[in-house]
There are 4 protein chains.
Amino acid sequence: MKNTFGTSVCLTVFGESHGPFIGAVLDGIAPGIEVDEEEIRHALTLRRPAGRISTARQEKDEYTIASGVFEGKTTGTPIAIIIPNADTRSKDYKKTYGLARPGHADFAAYCKYHGFEDYRGGGHFSGRVTSALVAAGAIARAALAKKGIYLGTHIKELAGVPDRAFGDLKADIDDLYGKVFPVLSAEAEEKMRAEIEKAAAEGDSVGGMLETVIIGMPAGVGEPYFDSFESVIAHMMFSVPGVKGVLFGAGADFVKMRGSEANDAFRMGADGKVYTKTNNNGGVNGGITNGNPVCFTTVIKPTPSIYKKQETIDFVENIEKDISIEGRHDPCIAHRARIVVDSLAAIAICDMLAGRYGTDYLG
Amino acid sequence: MKNTFGTSVCLTVFGESHGPFIGAVLDGIAPGIEVDEEEIRHALTLRRPAGRISTARQEKDEYTIASGVFEGKTTGTPIAIIIPNADTRSKDYKKTYGLARPGHADFAAYCKYHGFEDYRGGGHFSGRVTSALVAAGAIARAALAKKGIYLGTHIKELAGVPDRAFGDLKADIDDLYGKVFPVLSAEAEEKMRAEIEKAAAEGDSVGGMLETVIIGMPAGVGEPYFDSFESVIAHMMFSVPGVKGVLFGAGADFVKMRGSEANDAFRMGADGKVYTKTNNNGGVNGGITNGNPVCFTTVIKPTPSIYKKQETIDFVENIEKDISIEGRHDPCIAHRARIVVDSLAAIAICDMLAGRYGTDYLG
Amino acid sequence: MKNTFGTSVCLTVFGESHGPFIGAVLDGIAPGIEVDEEEIRHALTLRRPAGRISTARQEKDEYTIASGVFEGKTTGTPIAIIIPNADTRSKDYKKTYGLARPGHADFAAYCKYHGFEDYRGGGHFSGRVTSALVAAGAIARAALAKKGIYLGTHIKELAGVPDRAFGDLKADIDDLYGKVFPVLSAEAEEKMRAEIEKAAAEGDSVGGMLETVIIGMPAGVGEPYFDSFESVIAHMMFSVPGVKGVLFGAGADFVKMRGSEANDAFRMGADGKVYTKTNNNGGVNGGITNGNPVCFTTVIKPTPSIYKKQETIDFVENIEKDISIEGRHDPCIAHRARIVVDSLAAIAICDMLAGRYGTDYLG
Amino acid sequence: MKNTFGTSVCLTVFGESHGPFIGAVLDGIAPGIEVDEEEIRHALTLRRPAGRISTARQEKDEYTIASGVFEGKTTGTPIAIIIPNADTRSKDYKKTYGLARPGHADFAAYCKYHGFEDYRGGGHFSGRVTSALVAAGAIARAALAKKGIYLGTHIKELAGVPDRAFGDLKADIDDLYGKVFPVLSAEAEEKMRAEIEKAAAEGDSVGGMLETVIIGMPAGVGEPYFDSFESVIAHMMFSVPGVKGVLFGAGADFVKMRGSEANDAFRMGADGKVYTKTNNNGGVNGGITNGNPVCFTTVIKPTPSIYKKQETIDFVENIEKDISIEGRHDPCIAHRARIVVDSLAAIAICDMLAGRYGTDYLG
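Residues numbered from 1 in each chain as written. Chains lettered and ligands numbered in written order. Predicted model: local features only at pLDDT ≥ 70, side-chain atom pairs only at ≥ 80, totals over all residues. Heavy atoms only, no water.

**Student:** Would you mind showing me how to read the interface of chain D and chain C here?
**Tutor:** Quoted interface sizes are often the accessible area lost when the parts come together. Taken together, the 106 residues of chain D in the interface contact 105 residues of chain C. Summed over both sides, the interface of chain D with chain C buries roughly 8400 Å², with 56% coming from carbon and sulfur. Summed over the three residues of chain D that lose the most area to chain C, namely Tyr225, Phe226 and Lys244 of chain D, the buried surface amounts to 11% of that side. Where chain D packs against chain C, one counts 16 salt bridges. Between Lys256 of chain D and Glu157 of chain C there is a salt bridge; the shortest N-O distance is 2.5 Å. At the junction of chain D and chain C, the tally comes to 58 residue pairs in polar contact (both at pLDDT 80 or more). (Contact = heavy atoms within 4.5 Å. Buried area = accessible area lost by both parts, 1.4 Å probe. Salt bridge = Lys/Arg side-chain N within 4 Å of Asp/Glu carboxyl O. Polar contact = N/O pair within 3.5 Å; in protein donor to acceptor, adjacent residues only side chain to side chain.)

Written out as C-alpha cells, the structure reads:
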C-alpha cells in the first residue's frame, strides 16, 4: 500500500500543491452518519493559515463531496472529497528546481521519482494536500462522536514555552476546537505567539509538540502484534508532514522513571468501571486499550522553509549553492498541524473500531 | 492484518509463553541468501537473560528452521522458525489469574479476549515470543548485509545515565553486536549496570532509551503517504513489548530548535555523493530516505514486573487488591530489547527495499 | 480493504451513478510513463453505449486527471481521475426504491447499507462507475506496452454464437482495439449482433463469454500461496459487474481431459526460449507465469435489466410485486465489459510486476 | 502479501514437501471456539490418499497445535498448526532436477526462484502443504457452525460422469463429510471410480469439477469493489493446487441464457424472509450475499503427474528430453481437493464475516 491507509476504514490521498485537484477517499465509514458540512468547513478553517503567524497564501478550500454521501448521510460506499487548487503561483517554483531546500523532501523525491515529480510548491509533499484529509477527518470525528468518543489536541510546548496540562478532558477538547491556535492557557498562548513572531521577524521558524487525548475509547482495541493501538496511530502520525516523533503516555519521561512510578495502579470506580490512578501508559497496555483516556504526543519539527540563507546543493547541476527561500511560508506549523493530527487520528481510530466491532459499529 | 506485518516481506508471529511452541514466519526474503546458523544463535544469545541484571528463567531457544531454507540458503518461500517452550512453570501463574499486574496487558487482554486468553506467563504478550522474531531478524540482517546495509543499536540513556554518541558508525555497530549489554562507553556501562542492580535490590526496575543507526540505506525509499519510512519503522517498533516512543533524528530536541538549526544543509561529497552536514532529520525527508544514515530512538518503559507491592484489582472478582509480583523477572529489559529492535527494524527495511526494488533485490 | 485493490500498484474507486462525480485513484505507477489522452478517450469510447445494441443513455465521460500527471508524464504519485456525472434522470429511480430488480444488487445493497445506499441508477453498483476504471486502465496499458506486454479481449461466445479462435495474437489484439464490438470474425459479429437485437426486440437480454490474452509476460510472476497469478486476476475480474466465472487456459474443458492431453509439453524455441506446444494451462503453472501467453475467460451474465415483466418483492413494504424495468438499459453488456476487463487486468498485471520487479520496473 | 491471505481472519502457510515441517497460522479467529481434535483428524483423513485411486505415499499428518488454543478453546491469538514431514524419499527427486514435469510448476518456479527452490517432491508447490490448511480449516468450520453456517462440496462431474444435483442441502453436506469420495449418487460414484482406475491403468489421470454450497450465510456480506464475495472466494480457490476455474451459480451456462431466465425472482417466504425462486446467481448479487445459499464450482485439472511418456525440456541443460514420471502419484485429485476447497472457503468466509461483524462475531 502506498497512498492508502487502513484495513477496515481506508483513507486514500491524492494531489499536488499546484495540480488541478487534491483529494481524499474515505472508505468503510458506516452508512447513516450525518455529514455536517458546517463541521467540515470549520475544520478546514482550523488548518487554514491565519494572520501573522502563518503563510500569506490564501486557500479557499472549496471542497466537493464527490461521492458516498446521499441526502446528508453517509451511504457506506467510498466518500471522495475533492478540492480544486487555486491561487497557485507556479512560476515562483519553476526557476528553483534542482535547488534542494534543506529539511524538505526535494532531494529525496528526486531520488525516488527521478525528476518526474511535480516540484511546484512541494508537489505531493505539500502541506496543502492535508486539507482533503482534514475534511475526511471531520466525518470520521462525527462517526466517533456517535459512540461518545472524542479527541482533541493542544500545543503542549512550543519554542520552550509549555501549555498547562489537560484538566477536564471533555471541556478542554471542546475549548480547543473553538481556537485557531490550540493552547489551553491564555498566558502560554501569548508567549508562544510572541516566540513565533520573533522567529518570523528573524526569517526563521520554530517547532513544537502536540498532545492529543482521546476519551470514550472502549477497552480491548488493538493487537499485540503487529497492529498495536500505538503502531497504528504512530503509522498514521508519521505521515503528517513535519512529524518526527510519537510518544505515548509519559513518553520520554519513562527513561527516568522506576517501574514502581511508571506502572499505573488499577482501581475500581464507583461506577463499577476499572480505571487507573495514573495514566503513564497513555491508556494502552500491551498494544491494547485499557479503557482509560488515550494520550499521545507528536513532535513537530520547525518549518523547514525559512527566509534565512542556507547552504545547499543543486542536484540537477550537481554543485553546491546557497538558498534563501522566498515566497509564502509559515514560521510555525504546529498550530495548523493540530487539526491534521486530530483528523488522521480519528480515521485511524475508526479503522481499529470497525475492525474490532464490524462495519456497522459506528453507524 | 493482525499478527502479520509487511507487504513485500512479511512477518507473522505466533505463540504463547507457556504453549507448546512459539514461532515466526518470514516471507518474501529473496532466494539465495546464505543462512548462517551461528549468527542466529548469537542473536538469540543477545536476547537471552544474562546474569544479575536479568530474569533467572533459563531458555534454551532451540529453534528449528521448519521451511524456506534448503542446502543452507533461502529458497524464496516462507521461512518458518519454531522454538519449543521449555522450563515453563505454569503453576506460578494459574493462581494469580484475575489479578491485573499494573503496566502489563492482563486487563486489556481480558477485555479483548474475554477470559479465553492463555494467561500463563503473559501468554502471547510475553517477551518470550520475541525470540522467534530475533531468529528471523538474523536472516533479514544477512540479506541487508549483501547490499552493504548494516544497523546497530545502543542504550542511549538508562536511568539518567547517557552513553557516548555514535562515532565511527560501522565500527560501533560491529562493537555492539559483540556485547550482551550494548553500550559504547565502558564507563557508562558500569554506571548503567549499577543503576539496574540498585533498582533490582529495591525490588524495582528501570527504563531506557535505545538509539539505532542504519548505514548504507539507498536514497529514495519510503512513501510520502501513508507508508513513510518513519511510519513503517514506527509501526514495527511499537510492536516491541515495552516501547512507548519512537523518534527520528533530533526527536524531541526539535521542539527547542529553530528551523535554521534543524535543517540539514546538503553538501556534495568528494565522491560525488550528496550528504548533509548535520543529520537532525535522521536520514529521512518527507518520509523518504535521503541517503544519509538513518537514525531513530525508541523509548523503553521500566519493566512492569516488580517485586514491590502495588495497588491493583482482581478483574474476575471485581475487587481491589494488592500485588507483589513473584517469580522470575527483569529489573531492566532495554539491553535485551536491543536485538528485538534490530531484528524487527531489519525486517521492516527488507520489506521497504523489496517493495521498492523488487523481490530479488536482496538476493 | 474495500474499494481499493492491490499492494504495489493500487486502485481505488469511488462514485455513484447519479452522484456529483465518479472517479478512480491509480497509485504506484512508475514515474515517467507518457499519458496519451487520445488513448484514454478511445478506451472510454469502447465502454460507451453504441447504437441499437446498447442503452440510450448518453454519457460524455469528460474526465479530468486531477493529480499524478505533470507535463504529460506520470509523476509516481497517485493518479486521480474524476468524471462528473451528467444526463442523470434521478426521478426515474426514486419512485421504484424498494422494488428489487431481479439479478441486481438492490436487495443485497439494502441488507448491507440498511437503506442509506444511494439507490439512484444502481448507485455505486452502476456500470457507470467503471468508466473511471477504464481511464485508469489506459494508463496501465501504456505502462505495460513499454515492456512489450500487450493484452486484448474478444467475445468468445455470445448467445450460442462462437467467435473464431485467436490467431496472430498481436495482430488480433490490435484489431480488437479498433472495434466497438470486439469480435474477430466478421461473420460471427453479424450473428451475435442479430442475437442481441432479437433479444432486445423481445424485451430481453443475452450473456456472453470474454476471452483475454496477454502477451509478453515474463516468466516467474505470481505466488504459489495465496497471490497466485490466477488468484489476483480472478479477484479483479469478479469485481467487474456481471462477471460470474473466471477460467484459465482450457478452463471447463479440463474436466473432460486426461492428464496426457491437458499437460503442455515444454519445448526449446529456435531463439533459445522455452515455450509449450499447447497452452492448456493458460501460461500459468503452480500460480506462476511460465513465459507463454496468458489466457483467461470471463463469463458475463445476461444484463439483469430487462423490459419483460418479472416477479419480485418490495423490500420496504415487504410484499411481492411484479416489475417491468423501464428506462434506458443494455440488451447485452459483454462488448462494453470488454474494455473494463482489459483495463482491470492491466492494472492487476502492473501490480504483480511492480511487486516482483520494483516500482521503477514499468517506468 | 505473499503466503498470507485475509484481512480480518488471516491464513499463512509455510513448508515444503520434504522439509522438516509444513504448517499454517490461522489468525483472527474469535476467542472461545471449541477445538475438536477429532474433527481435525477426520478432515485430514479426507485429504489423505485412499486406496487404488490415490498415491501410495503414506502420510501420518501428526499435527501439533503449537499456539492459540488453551484448555481446548481458541484464545483469539494466532493458531499455529505444524506437521512434521515423514516418509519422504528425497533421492527420488534429486536426480531429476531440471527435467520440467509438464503441467507442474517446476519451470515456473525455476524462473521465480532461480534454482534456489527446494525441488524435492514439488517443494512448496506440493499438495502435501495443503494438509496444514485442512487442519486450520476444521477450526474455521467449527467457528462457522456456531452461527449455523455450513458448507460442503461434491464432485459435480468427473471424466464426463455427472453426480446428481444437491437436494436437501444440510443432509447432503452431512453425508459428504462422511465420505472419502464425495459423490452424492452411489451410481455416479461407481462410474467415476471406474474412470479413475481406467486412467490409472493407462498411466494417465483425470480432472473433475467440484461444486460447493454454503448455507446459513447472512445477507449483506461482500464489497462491490474490489472485495466482492466472489472475488475473495475465487482468490482463495485459485490457490488450491490444480484449480483452473471458479464459477458462481449457473456459471458457464449464463452464456446461453436470456436475462429473463437468468434473473432470480425474489419472493417472500412464509417465515417473512426473502428468498429467490431460482438461484442462478449463486446467492450473490453485485458482489454481496443475498441470503440464499451460496453456490460455486471449481474446475480441477487432471493431475499433471502421469506415468505416460511426455515431451519436455531440461532447463538446467537447456535441451529437450522425454519424461516418464515415476514415484507415487494420484490418477485424480478431485476427491482429495474437496476438503481443501471446503477448508479454504471456510477460512475466507470467516474473514469476510469478521470484517463485516467484528472479531467477536464467530466467538
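Right, picking up where we left off after that structure.
**Student:** Where do I start with the relation of the copies chain D and chain C in this structure?
**Tutor:** For the pair of chain copies, the relating operation is a rotation around an axis with a shift along it. With an RMSD of 0.0 Å, the operation that places chain D on chain C is a rotation of 180° combined with a shift of 0.0 Å along the axis. Taken together, the rotation and translation relating the two chain copies correspond to the operation of a two-fold axis. When the interface residues of chain D are mapped onto chain C, 99% of them are again interface residues, pointing to one common binding face. (Least-squares fit on C-alpha atoms with pLDDT ≥ 70 in both.)

**Student:** Mind showing me how you'd approach the nonpolar core here?
**Tutor:** One recurring pattern in soluble globular proteins is that nonpolar side chains are buried together. Formed by 179 residues in total, the largest nonpolar core has its most connected members in Leu11, Phe229 and Leu344 of chain A together with Leu11, Phe229 and Leu344 of chain B. Not counting residues up to four positions away in its chain, the partners in contact with Leu344 of chain B are Phe226 of chain A together with Leu11, Leu133, Met236, Met237 and Val240 of chain B. Ile29 of chain C together with Leu44, Val134 and Ala337 of chain D belong to the second largest nonpolar core, which has 178 residues in total. (Core = buried A, V, L, I, M, F, W, Y, C linked by side-chain atoms within 4.5 Å. Buried < 20%, exposed > 50% of the residue type's maximum accessible area, 1.4 Å probe, protein only.)

**Student:** What's the story with the pattern of salt bridges in this structure? I'm lost.
**Tutor:** Two side chains that carry opposite charge are able to pair once their charged atoms sit near each other. Enumeration over the complete set of coordinates arrives at 81 salt bridges over all chains. Its salt-bridge partner being Arg101 of chain C, residue Asp106 of chain C comes within 2.8 Å of it at the nearest N-O pair. Each member of the pair, Asp106 of chain C as well as Arg101 of chain C, carries the same accessibility label: buried. The partner of Arg267 of chain D in a salt bridge is Glu311 of chain C, with the nearest N and O atoms 3.9 Å apart. Separated into two different chains, Arg267 of chain D in strand S12 (residues 266-268) and Glu311 of chain C in strand S17 (residues 310-314) make up a pair that spans both. Residue classification places Arg267 of chain D among the buried residues on the basis of a relative accessible area of 10%. Look at the salt bridges and you will find they share partners, linking Glu202, Asp204 and Lys308 of chain A together with Arg258 of chain B into a network. (Helix = DSSP H or I, 4+ residues; strand = E, 2+ residues; numbered from the N terminus.)

**Student:** In this structure, what is going on with the state of the cysteines? I would like to understand it.
**Tutor:** Structurally, a disulfide amounts to a covalent bond that connects the sulfur atoms of two cysteines. Counting across every chain of the model gives 0 disulfides over all chains. With no disulfide partner, Cys111 of chain B has as its closest neighbouring cysteine sulfur the one in Cys295 of chain A, 20 Å distant. Note on Cys111 of chain B: relative accessible area 18%, which makes it buried. Between Cys332 of chain B, a cysteine without a disulfide, and Cys295 of chain B, which holds the nearest cysteine sulfur, the sulfur-to-sulfur distance is 20 Å. The exposure class of Cys332 of chain B is buried, given its relative accessible area of 0%. (Disulfide = S-S within 2.5 Å.)

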